[in-house]
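Close look at the chain arrangement
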Amino acid sequence: MPADSKNLEVILNCIAQGVVMFDDSRRLTIWNKQFEQNMQFPDGFLKVGMPHMDLLMHFAVAGIFGEGDPVETYEMLCQPTPEGALVISYTDITLHIEAENSSARDQELTDQIFLATPVPLAVVRRSDASYLKINAASLELFGLTEAEMKSKHSSELYAEQNDRQRLLAELDKSGYVR
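Along each chain, residue indices are assigned from 1 in the same order as the chain's sequence is written. Where totals are concerned, whole chains, interfaces and linings use all residues; where local detail is concerned, this predicted model gives features only for residues with pLDDT of at least 70, and gives and counts side-chain atom pairs only at 80 or more. Side-chain descriptors were evaluated using all non-hydrogen atoms of the structure, hydrogens and water having been removed beforehand.

Looking at the side chain of Arg164
Put simply, DSSP H or I for four residues or longer makes a helix, DSSP E for two residues or longer makes a strand, and each gets a number counted from the N terminus. Within the fold, Arg164 resides in helix 8 (residues 163-174). Between buried and exposed lies partly exposed: a residue is buried under 20% and exposed over 50% of the maximum accessible area for its type, with that area taken using a 1.4 Å probe on protein chains only. By the counting scheme adopted, Arg and Lys are positive, Glu and Asp are negative, and His together with the chain ends is not counted. The working definition used for a salt bridge is a side-chain nitrogen of Lys or Arg within 4 Å of a carboxyl oxygen of Asp or Glu. Although Arg164 is buried, it forms no salt bridge, and the closest oppositely charged side chain is Asp128 at an N-O distance of 6.5 Å. Think of a polar contact as two N or O atoms within 3.5 Å of one another; within protein, one of them needs to be a possible hydrogen donor and the other a possible acceptor, and neighboring residues in sequence only count if both atoms come from side chains. Side chain to side chain, Arg164 and Ser154 meet in a polar contact 3.3 Å long. Only heavy atoms matter for contacts: two residues are in contact if any of them lie within 4.5 Å across the pair. With residues near it in sequence (within four places) discarded, Arg164 still touches Val124, Arg125, Arg126, Ala129, Ser154, Ser155 and Tyr158.

What follows is the structure, encoded as structure tokens:
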């Protein structure tokens, strides 16, 4: 396929990730606008032939390797070419990290609510009836420590031995239990 620099420029600028390529001497050969914007280079800073080390020094002086480290906010994929050049793509993963942190905070809040609820609650693994999580109200109800309760199968604590199977059958049938 013949190389056409105008088409290459269009393709590079349509890619969401920042992309940059260095030749076998690690000198800048091509980059897209996302790379320039994501890395917040001053206008006109990037130039063909610029040594890779100059970019790293810019990052260091700008404090990019300190707080807000791009390693924490950008996924960087490096791929050497057969000729010895290096293609690097940068993907902003800030939203992904924020979502993971939010999910962790949500889980922590859910756990706190679960443990503080005055109603006996327990999370039981369906496959083997083992307890995964137990709140204080459950421990008080059964008069057991957490270790004692976790050593039992939930079916041992039902008033009627067939209640667990009946509840699981209802769950399978309707998707919920009342």
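Quick look at the environment of Glu160
By secondary structure assignment, the location of Glu160 is in the loop between helix 7 (146-150) and helix 8. A relative accessible area of 52% places Glu160 in the exposed class. On a C-alpha basis, the gap between Glu160 and Ala137 in space is 21 Å, while along the polypeptide they are 23 residues apart.

Points about the pattern of salt bridges
Inspection of every chain in the model, using the stated rule, returns 5 salt bridges. With a closest N to O distance of 2.5 Å, Asp172 and Arg126 form a salt bridge. Of this pair, Asp172 sits in helix 8 while Arg126 is found in the loop between strand 5 (122-124) and strand 6 (131-134), placing the two residues 46 residues apart along the sequence. Overall, the relative accessible area of 40% leaves Arg126 in the partly exposed class.

A closer look at unusual backbone geometry
A positive phi angle, near 60°, is found at Arg26, a position not held by glycine. Not every positive phi belongs to a glycine, and Gln40 is a case in point at roughly 55°. With relative accessibility at 66%, the residue Gln40 sits in the exposed group.

Brief notes about the packing of aromatic side chains
Side-chain rings of Phe, Tyr and Trp (the six-membered ring for Trp) are treated as a pair once their centres are within 6.5 Å; stacked means planes under 30 degrees apart, edge-to-face means over 60, and tilted covers the remaining angles. According to the stated counting rule, one finds 2 aromatic pairs in the structure shown. Considering the side-chain rings of Phe41 and Phe45, the 5.4 Å spacing of their centres and the 10° angle between planes classify their relative orientation as stacked. Feature note: the residues Phe35, Phe41 and Phe45 constitute an aromatic cluster, connected by ring pairs. The cationic tip of Lys133 hangs over the ring face of Phe114; the distance from NZ or CZ to the ring centre is 5.7 Å. Lysine NZ or arginine CZ positioned within 6 Å of the ring centre and within 35 degrees of the ring normal marks a charge as sitting over the ring.

A word on the sheet that holds strand 2 (residues 28-31)
Being paired, for any two strands, means DSSP has found at least two bridges between them. As summarised here, the arrangement of the 4 strands in space is 2-1-4-3, forming an open sheet in which the pairing is antiparallel. The sheet is open, and its two edges are formed by strand 2 and strand 3 (74-80), each paired on a single side. Averaged over all pairs of adjacent strands, the angle between their axes in this sheet comes to 20°, without regard to strand direction. For helices, the fitted line uses only the C-alpha atoms of the stretch in contact; every axis is such a line through C-alpha atoms, and the angle between N-to-C directions lies from 0 to 180 degrees.

Details of a nonpolar patch on the surface
What goes into a patch is any residue over 30% in relative accessible area without a salt bridge, connected to like charges within 9 Å or, for nonpolar side chains (Val, Leu, Ile, Met, Phe, Trp, Tyr), within 5 Å. Only the protein chains shown count as cover for residues, and all accessible areas are computed by the Shrake-Rupley method using a 1.4 Å probe. On the surface, Met53, Met57 and Val61 cluster together into a nonpolar patch covering about 350 Å² of accessible area. Relative to the helices and strands, Met57 resides in helix 3 (residues 52-61).

Some thoughts on the pairing of strand 2
Bridge analysis of strand 1 (residues 18-22) against strand 2 gives 3 bridges, and the strand direction is antiparallel. In the strand pairing of strand 2, Phe22 is matched with Leu28. The antiparallel pairing of strand 1 with strand 2 creates a hairpin that spans 5 residues between the two strands, and Arg26 there sits at a positive phi of about 60°.

Focus on the side chain of Asn32
With respect to the helices, strands and loops of the structure, Asn32 is situated in the loop between strand 2 and helix 2 (33-38). Of note is the side chain of Asn32, whose polar atom sits 2.8 Å from the backbone oxygen of Leu12. One polar contact links the side chain of Asn32 to the main-chain carbonyl oxygen of Gln17, over a distance of 2.9 Å. In this view, Asn32 contacts Leu12, Asn13, Ile15, Gln17, Gly18 and Val19; residues no more than four positions away in its chain are not counted.

Remarks on the nonpolar core
The criterion is simple. A nonpolar core is a set of buried Ala, Val, Leu, Ile, Met, Phe, Trp, Tyr and Cys residues joined through side-chain atoms within 4.5 Å. If you look at the biggest cluster of nonpolar residues, it comprises 14 residues, and the most contacted ones within it are Val20, Phe35, Met39, Phe41, Leu46, Leu55 and Tyr90. For this core, the secondary structure elements donating two or more residues are strand 1, helix 3 and strand 4 (86-92). For this core, the element with the most residues is strand 4, which contributes 3 residues. In terms of nonpolar packing, the next biggest core, distinct from the first, is built from 5 residues, Tyr131, Leu139, Leu144 and Met149 among them.

Function-wise, these values are silent; they only describe arrangement.
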